[in-house]
Amino acid sequence: RTMAAARGLRGAAGLMGVPGLSRPADLSAWGRAAIARCGALVEATTRQAPDVTVLHNLDDISLALCAPLDTAGLVAAVHPDAAWRAAAREVSEEVGDEMARLNTDRRLYDALDRVRRDPRTFRALSHEQRRFADLLAAEFEADGVHLPDGARARVRELQGEIAAHSWAFMDGVSLRSGARAGPPEIVAPRAAL
């Protein structure tokens, strides 16, 4: 599966070789498309009978969100153009918020739990699939999926605050020496004396 298919963008290779990523608005479109794709996958997963399809859907959700999120994080940190950095930051925040929401989505956790608790289904999974299911469950639990609604909302709020502080730190590092925001200039090595 190509990144272009995963995000719904087509065209020639763009920024960092990502097809269709040729202007800042494309990054935003990619993030929105990933969130929309995940919405459909969430609905399919919550209605799915307990079988390996639940694991595939959860993996697809992760891949759909991580591709634009990871790319946006890199673009926000290193791109010399302020418009690209701003779009990347916006995508990072929007997709990151969606990921945090899904990491505490009780319906997704319950779908996964049904796979893990059904003895026949769980035995039919490969060793790697069982391990994947167990690790996913542990991630959901670490993110507070087991908490009451209000506490889960507070966890997401705190994660948002952490992300905001992270951005403030990155901004401070970029501006620390009075240099323009963005990546440092490339310095050529000195010739040997």
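Everything numeric here is computed off the predicted structure, so don't read it as measured data.

Cut-offs applied
- Residues numbered from 1 in each chain as written.
- Predicted model: local features only at pLDDT ≥ 70, side-chain atom pairs only at ≥ 80, totals over all residues.
- Heavy atoms only, no water.
- Helix = DSSP H or I, 4+ residues; strand = E, 2+ residues; numbered from the N terminus.
- Buried < 20%, exposed > 50% of the residue type's maximum accessible area, 1.4 Å probe, protein only.
- Contact = heavy atoms within 4.5 Å.
- pLDDT = per-residue confidence, 0-100.
- Salt bridge = Lys/Arg side-chain N within 4 Å of Asp/Glu carboxyl O.
- Patch = residues over 30% accessible without salt bridge, like charges linked within 9 Å, V, L, I, M, F, W, Y side chains within 5 Å.
- Areas by Shrake-Rupley, 256 points an atom, 1.4 Å probe, with all protein chains shown as cover.
- Core = buried A, V, L, I, M, F, W, Y, C linked by side-chain atoms within 4.5 Å.
- Axes fitted to C-alpha atoms, helices over the stretch in contact; angles between N-to-C directions.
- Parallel < 35°, antiparallel > 145°, perpendicular 65-115°, else oblique.
- Left-handed = near helix turned anticlockwise from the far one by under 90°.
- Nonpolar A, V, L, I, M, F, W, Y, C, P; charged D, E, K, R; others polar.

1. Focus on the overall build of the chain
Next, step 1: Check the secondary structure of the chain and you find eight helices and zero strands.
Next, step 2: The N-to-C order of helical and strand elements in the chain reads α-α-α-α-α-α-α-α.
Next, step 3: Classification of the 193 residues of the chain by burial places 34% in the buried group.
Next, step 4: In the chain, of all internal contacts separated by at least 6 residues, the share reaching a separation of at least 24 is 63%.

2. Let's talk about the confidence of the model for the chain
Next, step 1: The pLDDT averaged across the chain works out to 85; a share of 82% of its residues lies at or above 70.
Next, step 2: Taking the mean pLDDT of every element in the chain, the minimum, 45, falls on helix 1 (residues 3-7) and the maximum, 97, on helix 5 (residues 106-117).
Next, step 3: Across residues 1-7, where pLDDT falls below 50, the model places 17 contacts with residues more than four positions away in sequence or in other chains.
Next, step 4: With pLDDT under 50 throughout, residues 177-182 is counted as low confidence; its partners more than four residues away or in other chains account for 11 contacts.

3. Comments concerning the pattern of salt bridges
Next, step 1: Counted according to the given criterion, the structure contains 13 salt bridges.
Next, step 2: Taken together, the shared-partner salt bridges connect Glu-43, Glu-98, Arg-101, Asp-105 and Arg-107 into one network.

4. Quick notes on a nonpolar patch on the surface
Next, step 1: Together, Met-16, Leu-74 and Val-78 line one region of the surface with nonpolar side chains, adding up to about 250 Å² of accessible area.
Next, step 2: Judged by relative accessible area, which is 39%, Val-78 ranks as partly exposed.

5. Regarding the nonpolar core
Next, step 1: Counting residues in each nonpolar core, the largest one holds 38 residues, and the members touching the most others are Leu-27, Leu-58, Ile-61, Leu-65 and Leu-112.
Next, step 2: Counting only elements with at least two residues in this core, the list comes to helix 2 (24-47), helix 3 (52-78), helix 4 (82-102), helix 5 and helix 7 (127-142).
Next, step 3: Among the elements that line this core, the one with the most residues is helix 3, at 10 residues.
Next, step 4: Those residues in contact with Leu-58 that lie beyond four places of it in its chain are Thr-45, Leu-108, Leu-112, Leu-136 and Phe-140.

6. What to know about the packing of helix 2 against helix 5
The relative placement of two packed helices is expressed as an angle between their axes plus a distance between the axes.
Next, step 1: At a closest axis distance of 9 Å, the pairing of helix 2 and helix 5 adopts a crossing angle of 40°. As summarised for this structure, helix 2 and helix 5 are arranged oblique, according to the angle between their axes. Our pair here, helix 2 against helix 5, has a crossing hand that is left-handed. In contact with Val-42, Glu-43, Thr-45 and Thr-46 of helix 2, helix 5 contributes Arg-107, Leu-108, Ala-111 and Arg-114.
Next, step 2: Tallied by class, the residues present in the contact of helix 2 with helix 5 amount to three nonpolar, two polar and three charged.

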